[in-house]
Amino acid sequence: MKNTLTNKIAAALLTLSAWTAAMTDADACTSFLVGKNASSDGSTFITYNADDYGMYGRLLYYPAARHPKGAMRRIVDGDTNHYLGEIPEAEETYSVIGNINEYQVAITETTFGGRHELADTTGTIDYVSLMALGLQRARTAREAIRVMTSLVEKYGYASEGESFSIADPEEVWIMEMIGKGNEKGAVWVAVRIPDDCIAAHANQSRIHRFNMKDKQNVMYSKDVISFARKKGYFNGKDADFSFADAYAPADFSAVRFCEARVWSFYNKWVEGMDKYLDSVDGKHIGSAEPMPLYFKPKQRLSLRDVIDSNRDHYEGTPFDITHDAGAGVYGAPYRPTPLVWEYKGKKYFNERPISTQQTGFTVVAQMRASLPRQIGGVLWFGNDDPNMVAYTPVYCCADRVPECYADGTADAVTFSWKSAFWVCNWVANMVYPRYSQLFPSLKAVRDELQDSYSARQSEIEKKAGELYSAEAPEQVRKYLTDYSVECAQSMLNLWKELGEYLIVKYNDQTVKPEENGHFLCTPDNLGERPLRPGFDERYKEIIIRETGDKYLVP
């Protein structure tokens, strides 16, 4: 039997070399932010692991449009599909693909919930719709903040507490927002991340004190403090006000399941993060110093650094989960849900790392001021767990969604071989139970494909730049749209081949031997006998510790 996977990779890369080109709900997510002077090439970045069991990951496209006077926009809750109402449509809206628009404005989120009594059941705009509206109506991050906050002030905010990452090629912001219960509107604060810094949020409010006098880098609702006083959430001096403490008081889950993810991202790129371990272990709530909103990293982050940060499982930290019995025979950095479980009347928990099996889709939005806007904005997109997929480039000017990412190709209860969500999940779910055995094969393919996209980026963008200089914007759009589609579809085809390879090589928990990219055969043309690696030394020790001499050979 021949192993053709290596040839398939080469074919996929050859196809790409011929080119000389989602917004949905999630209630447990992670987002990173990187300022332009904290990146290796002047890019700004924001990320989004949209983690929600049962969610079908897809990529949505909203074309640019002009709307007649009196046109109305129907608002449907992105989480529940429940009709919320209508608002007047803007005269002009911009094209949006996934979490980025044609002007290189990108918006992502994580839900922190906060005080439940502040949820407004009568509001008209939910957080998913609010992100779409911000992208459709704004040319800069600052404008998106103004659009989003003015809309909820006028029509009401229909979701719980949210942290939004909002960025353009020049600026990166975190905005946190929560409703006002039975009052229309929301209280909110937005802080610009310094250009040479990185930040993160993961389902817990991250903005504590903020400089109310810094009008250039801080924006907030006029009643953000007075409303907290009125509700009894705060009674100190204005200078001591903490948005997070007032509107999202920390508990164990907010700290250990959420803030620990933020810490793990910082721990990769910031010196001295051990001093903040007490603030994220869940055992020192109220006494430990909270982590700052942002840090200056020890080095500038590349696109690959940002992507790899999405794949973190706490490896090498006190929260590492790859060495205890829960990791199973094959040392998996994954645990079954729920996060909290009971045994003999006591409650226990699983760690909740950045990379997790329930991711519906994952994105890295890259924005660059050094390039024309049609070329500078790229949404690096993947379906499923970021550790298990290669991100493919989708340019912000694209006017067509790759079929494998498109709404309608499949859904949460309908499998399709044309769907990247289902093909990537199919492969990942083969790997999870035998992680240490199968993952190296997946990683090799993932990284080779990811590196190929990065290597092609400058060449593709040079050609697009030549078309732009020739004043052919529609040709730029078509070229980059076609390239984006081709990358996604070639990834899908390669992942099918990867799945076929894995089932052949690792069938029945054995390993078929290979040499020079071919499965070995006997002189009589039968498959060579597979290897049977059995338990590793770590798990042998676990078995013997639990069973004693029960399985000792006499």
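Rules and cut-offs
Residues numbered from 1 in each chain as written. Predicted model: local features only at pLDDT ≥ 70, side-chain atom pairs only at ≥ 80, totals over all residues. Heavy atoms only, no water. Helix = DSSP H or I, 4+ residues; strand = E, 2+ residues; numbered from the N terminus. Rg over C-alpha atoms; globule rule 2.2 N^0.38 Å. Buried < 20%, exposed > 50% of the residue type's maximum accessible area, 1.4 Å probe, protein only. Areas by Shrake-Rupley, 256 points an atom, 1.4 Å probe, with all protein chains shown as cover. Lys, Arg positive; Asp, Glu negative; His and termini not counted. Charge placed at Lys NZ, Arg CZ, Asp CG, Glu CD. Core = buried A, V, L, I, M, F, W, Y, C linked by side-chain atoms within 4.5 Å. Contact = heavy atoms within 4.5 Å. pLDDT = per-residue confidence, 0-100. Axes fitted to C-alpha atoms, helices over the stretch in contact; angles between N-to-C directions. Parallel < 35°, antiparallel > 145°, perpendicular 65-115°, else oblique. Nonpolar A, V, L, I, M, F, W, Y, C, P; charged D, E, K, R; others polar. Pairing = 2+ DSSP bridges.

Enquirer: I keep staring at the overall build of the protein chain and nothing clicks. Help me out?
Expert: In terms of helices and strands, the protein chain carries 12 helices and 23 strands. For the protein chain, whose C-alpha radius of gyration is 24 Å, the value lies close to the compact-globule estimate of 24 Å for 554 residues. Taken along the three principal axes of its C-alpha coordinates, the protein chain extends 80 × 65 × 45 Å. Scored against the burial criterion, the 554 residues of the protein chain give a buried share of 58%. Split by element, the accessible area of the protein chain, about 23700 Å² in all, is 51% carbon and sulfur. Once the 62 positive and 75 negative side-chain charges of the protein chain are each reduced to a mean point, those two points are 2 Å apart.

Enquirer: For this particular structure, what's the right way to read the environment of Gly-78?
Expert: Mapped onto the elements of the fold, Gly-78 is located in the loop between strand 5 (72-76) and strand 6 (83-88). Owing to a relative accessible area of 23%, Gly-78 belongs among the partly exposed residues under this scheme. Residues Gly-78 and Phe-349, spaced 271 residues apart in sequence, show a C-alpha to C-alpha distance of 29 Å.

Enquirer: Help me understand the nonpolar core, please; the structure alone is not making it clear to me.
Expert: Soluble globular proteins tend to pack their nonpolar side chains together in the buried interior. Formed by 154 residues in total, the largest nonpolar core has its most connected members in Phe-164, Phe-241, Phe-243, Tyr-247, Tyr-266 and Trp-495. Top contributing element to this core by residue count: helix 11 (residues 473-505), with 13 residues. The residues touching Phe-241, leaving out its near neighbours within four places in the chain, are His-208, Arg-209, Phe-210, Val-224, Ile-225, Ala-228, Phe-234, Ala-246 and Tyr-247.

Enquirer: Explain the confidence of the model for the protein chain to me, please; I cannot follow it from the model alone.
Expert: Reading fine detail from the predicted coordinates is not recommended where pLDDT is low. On average, the protein chain scores 94 in pLDDT, and the residues at 70 or more come to 95%. Confidence over residues 11-26 falls short of pLDDT 50; this stretch has 65 contacts with residues more than four positions distant or in other chains.

Enquirer: Sorry, what's going on with the packing of helix 9 (residues 420-431) against helix 10 (residues 435-469) here?
Expert: Helix packing geometry: the angle between the two helix axes and the distance between the axes. It is at 8 Å that the axes of helix 9 and helix 10 come closest, and there the two elements cross at 140°. What the angle tells us is that helix 9 and helix 10 run oblique. Residues Val-427, Met-430 and Val-431 of helix 9 lie in contact with helix 10, whose contacting residues are Tyr-435, Leu-438, Phe-439 and Leu-442. In the contact of helix 9 with helix 10, the residues fall into 7 nonpolar, no polar and no charged.

Enquirer: Where do I start with the environment of Asp-451 in this structure?
Expert: Positionally, Asp-451 belongs in helix 10. Given the relative accessible area of 40%, Asp-451 is considered partly exposed. It is 31 Å that separates the C-alpha atoms of Asp-451 and Met-131, two residues lying 320 residues apart in sequence.

Enquirer: How should the sheet that holds strand 14 (residues 198-201) be read in this particular structure?
Expert: Within a beta sheet, neighbouring strands are joined by backbone hydrogen bonds and run either parallel or antiparallel to one another. Pairing is antiparallel across the open sheet formed by 7 strands, whose spatial order is 16-14-1-2-19-20-21. At either margin of the open sheet sits one strand with a lone partner, and together these are strand 16 (294-295) and strand 21 (392-395). Judged from the 4 bridges that link them, strand 20 (residues 378-383) and strand 21 form a sheet pairing that is antiparallel. When the bridges of strand 21 are listed, Trp-380 appears paired with Pro-393.

Enquirer: Would you mind going over unusual backbone geometry with me for this structure?
Expert: Trans peptide bonds make up the majority, and among non-glycine residues the majority have a negative phi. Look at the link from Thr-337 to Pro-338: it is a cis peptide, with omega at 10°. Mapped onto the fold, Pro-338 is located in the loop between helix 7 (303-309) and strand 17 (340-343). Positive phi, close to 85°, is recorded for Asp-384, a residue that is not glycine. Structurally, Asp-384 is set in the loop between strand 20 and strand 21. Positioned with a positive phi, Gln-509 is a non-glycine residue whose angle comes to about 60°. Position of Gln-509 relative to the elements: it lies in the loop between helix 11 and strand 22 (514-515). Assessed through its relative accessible area of 48%, Gln-509 is described here as partly exposed.

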